[in-house]
Structures are given as structure tokens and as C-alpha cells.
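A look at the structure
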Amino acid sequence: MARIWKFGDNVDTDQIVPGRYAPYMRPNADLAAAAFIEARPEFAAQAQAGDIIVAGRNFGCGSSREYAAEALKKRGIAAIIAVSFARIFFRNAINLGLPLFEAPDIVAAVQDGDPATLDPLAWQLRVGTTLWQLPSPPPFFRQILEAGGIVAYVQRYQRFPQS
């Protein structure tokens, strides 16, 4: 079963993937293995596909490094739920097809390590016996997610999604 990885406010892209682990610094390395490698080494060692990140305000602040969101996507993170996101991280995650949700009530209620299940078709999160309805993404975001990212969407439809 998937689990919750809970983080606080202002998690920046340097914490997600430190600059020295950037793909251009280590072109043959596994980017997913560098996720939170210094800020939270147990994440780098133990996070599994399907796990969910829950965080406070301003998740993904800092630089515009797309590889921060890419490392989490490649790690298999099913979604990130936060109070709020840095705008550039939000856009990078959308482009990569990584689901993001702003849901302060969930952030306040769950704990690090809680077992969780995400239903990506119904946009529901179950933690223990509690079932939450996640905010429905805008139509263009859904289209990108369903395609697997903006590049896959454009390759398939030869255009950008319509809002």
C-alpha cells in the first residue's frame, strides 16, 4: 500500500533535487534516486511508486528546475497535495503529467507515514478510513494528465489542450 510523505512549508527545488545531482551533472545517473537525497534521505531510499507527497505552503519554490518535478514523477509519486505550490513548479509538474492538488484540509489531517490510496479516475484519496474528494483539476490539466504530459498530448493531438 502507498504511504504519505509529509513535508512542511517552502520546500524548494534544491531540497527536492540538489543542484549537484542535476541530470547535466550526472547524465547517466538515475534522477529518481536523487529525490530528497539530502533533505530527507529516507525518502530517497524508501519512497515507492504510488506514494503521495503532502506538504504545506509554497511547495516547489526556488528555481525553475524542471528536473525537480521530473525526479518525483520518475520516482512514481502518484500525486502531490499541498496548501499551495510555487507557480513554476506547478506548471512544470503539469507539463510532466504529475497530478497536483491544493487541499489544505487534507494537509492538516494526515500524518507522515499514513497508509493511503489514490483513485486517479475518481480524484479521491483514502487515508485509513477517511475518504476525501480531491479538487477536480481544470479540463486542460486533466487532458494533459490523461495523455501522460504535455509532450505526449501534443504528439497525440498535434495541438495544445483547450481550456
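Above this text is the structure in question.
The text that follows walks through the structure, step by step, so that each part is easy to find. (Residues numbered from 1 in each chain as written. Predicted model: local features only at pLDDT ≥ 70, side-chain atom pairs only at ≥ 80, totals over all residues. Heavy atoms only, no water.)

**Regarding the overall build of the protein chain**
A count of helices and strands for the protein chain gives 7 helices and 7 strands. Across the protein chain, helices and strands are ordered from the amino to the carboxyl terminus as β-α-α-β-α-β-α-β-α-β-β-β-α-α. Here the protein chain has a C-alpha radius of gyration of 15 Å; the compact-globule value for 163 residues is 15 Å, and the two agree. Its C-alpha atoms give the protein chain principal-axis dimensions of about 45 × 40 × 25 Å. In the protein chain, buried positions account for 45% of the 163 residues. Counted over contacts in the protein chain with a minimum sequence separation of 6, partners at least 24 positions apart contribute 64%. Carbon and sulfur atoms make up 51% of the accessible area of the protein chain, which amounts to about 8000 Å² in all. Taken together, the 16 basic and 15 acidic charged side chains of the protein chain have centroids lying 5 Å from each other. (Helix = DSSP H or I, 4+ residues; strand = E, 2+ residues; numbered from the N terminus. Rg over C-alpha atoms; globule rule 2.2 N^0.38 Å. Buried < 20%, exposed > 50% of the residue type's maximum accessible area, 1.4 Å probe, protein only. Contact = heavy atoms within 4.5 Å. Areas by Shrake-Rupley, 256 points an atom, 1.4 Å probe, with all protein chains shown as cover. Lys, Arg positive; Asp, Glu negative; His and termini not counted. Charge placed at Lys NZ, Arg CZ, Asp CG, Glu CD.)

**So, the sheet that holds strand E7 (residues 130–133)**
Strand order in this open sheet of 7 strands is E4-E3-E2-E1-E5-E6-E7, and the pairing throughout is mixed. With one partner strand each, in any of the chains shown, strand E4 (100–102) and E7 form the two edges of the open sheet. Averaged over neighbouring strand pairs, the angle between their axes works out to 30 degrees when direction is ignored. Taken together, the 3 bridges between strand E1 (residues 2–6) and strand E2 (residues 52–55) define a ladder with parallel strand orientation. Its bridge partner being in E2, Lys6 is matched across the sheet by Val54. (Pairing = 2+ DSSP bridges. Axes fitted to C-alpha atoms, helices over the stretch in contact; angles between N-to-C directions.)

**As for the pairing of strand E6 (residues 124–127)**
Here E6 shows a buried face lined by Leu125 and Val127 and an unburied face lined by Gln124 and Arg126. One ladder, built from 4 bridges, connects strand E5 (residues 115–119) with E6; its direction is antiparallel. Bridge pairing in E6 places Ala116 opposite Val127. Between the end of E5 and the start of E6, which pair antiparallel, lie 4 residues, with Trp123 showing a positive phi angle near 55 degrees. Pairing geometry for E6 and E7, over 4 bridges, is antiparallel. Paired with Leu125 across the bridge in E7 is Trp132. Hairpin geometry of E6 and E7 is characterised by an intervening segment of 2 residues between the two adjacent antiparallel strands and by a positive phi of about 65 degrees at Gly128.

**Topic: the pattern of salt bridges**
One pass over the structure, following the stated rule, counts 6 salt bridges. The partner of Arg40 in a salt bridge is Glu42, with the nearest N and O atoms 2.6 Å apart. Under the relative-accessibility criterion, Glu42 is labelled partly exposed at 33%. Between Arg40 and Asp112 there is a salt bridge, with the nearest N and O atoms lying 2.6 Å from each other. Of this pair, Arg40 sits in the loop between helix H1 (13–16) and helix H2 (41–46) while Asp112 is found in the loop between helix H5 (104–109) and E5, placing the two residues 72 residues apart along the sequence. Taken together, the salt bridges that share partners define one network made up of Arg3, Arg40, Glu42 and Asp112. (Salt bridge = Lys/Arg side-chain N within 4 Å of Asp/Glu carboxyl O.)

**Examining helix H4 (residues 87–96)**
Among all positions of H4, only Phe89, Asn92, Ala93, Ile94 and Leu96 are buried. Those residues of H4 that are buried are in contact with H1, helix H3 (66–75), strand E3 (79–82), E4 and helix H6 (139–147). Gly97 lies just past H4 and shows a positive phi near 85 degrees.

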